[in-house]
Amino acid sequence: QVQLVESGGGLVQPGGSLRLSCAASGSIFSINVMGWYRQAPGKQRELVATITSGGSTHYADSVKGRFTISRDNVKKMVYLEMNNLKPEDTAVYYCNAKIKRTRWDQEYDYWGQGTQVTVSS
């Protein structure tokens, strides 16, 4: 079994900061790309940021310069540092990872349960 567990969401005022964490656990041979997605009420889930095992990053235009994604390959964790938060950042944030459970396995997408981020005064 593979699990992704997020933490760090909450309520913050506009201009504030939050740090999300996601821990992968279980039977894991390798983790390729890890990332964060978000889904606001009534909207489709959208990509926020991704990071490869080598550290290459990609950001949605809406968060560039404000959010930073990082990962710890040894601990099998990915983080999202969110600064200068805006009300439009309000959403449920989901952790995603592309994982091989064995050397011979294909890569599968795994998702966390989501953590709520609310930006409001």
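Look above for the structure.
Residues numbered from 1 in each chain as written. Predicted model: local features only at pLDDT ≥ 70, side-chain atom pairs only at ≥ 80, totals over all residues. Heavy atoms only, no water.

> How should the overall build of the protein be read in this particular structure?
In terms of regular secondary structure, the protein is built from 0 helices and 11 strands. Reading the helices (α) and strands (β) of the protein from amino to carboxyl end gives β-β-β-β-β-β-β-β-β-β-β. Taking contacts inside the protein between residues at least 6 apart in sequence as the whole, the part at least 24 apart equals 55%. Surface exposure of the protein reaches about 6,600 Å², of which carbon and sulfur atoms provide 47%. For the protein, the distance from the average site of its 14 positive side-chain charges to the average site of its 10 negative ones is 4 Å. (Helix = DSSP H or I, 4+ residues; strand = E, 2+ residues; numbered from the N terminus. Contact = heavy atoms within 4.5 Å. Areas by Shrake-Rupley, 256 points an atom, 1.4 Å probe, with all protein chains shown as cover. Lys, Arg positive; Asp, Glu negative; His and termini not counted. Charge placed at Lys NZ, Arg CZ, Asp CG, Glu CD.)

> Quick question: what am I supposed to make of the nonpolar core here?
Generally speaking, a soluble globular protein has its nonpolar side chains buried in company with each other. Of all hydrophobic cores here, the largest spans 32 residues; its most connected members are Trp36, Leu80, Met82 and Tyr93. Among the elements that take part in this core, strand 9 (residues 91–100) stands out by supplying 5 residues, more than any other. (Core = buried A, V, L, I, M, F, W, Y, C linked by side-chain atoms within 4.5 Å. Buried < 20%, exposed > 50% of the residue type's maximum accessible area, 1.4 Å probe, protein only.)

> What's the story with the pairing of strand 11 (residues 115–119) in this structure? I'm lost.
Sheet faces and side chains relate simply in a regular strand, where the side chains alternate between the two faces. Only one face of strand 11 is covered, namely the one carrying Thr115, Val117 and Val119; the face carrying Gln116 and Thr118 has none of its residues buried. Sheet topology places strand 2 (residues 10–12) next to strand 11; 3 bridges connect them, and they run parallel. Paired with Gly10 across the strands is Val117, a residue of strand 11. Relative to strand 11, strand 9 runs antiparallel, the two sharing 3 bridges. Within strand 11, the residue paired with Ala91 across the bridge is Val117. (Pairing = 2+ DSSP bridges.)

Purely geometric numbers; function is a separate question.
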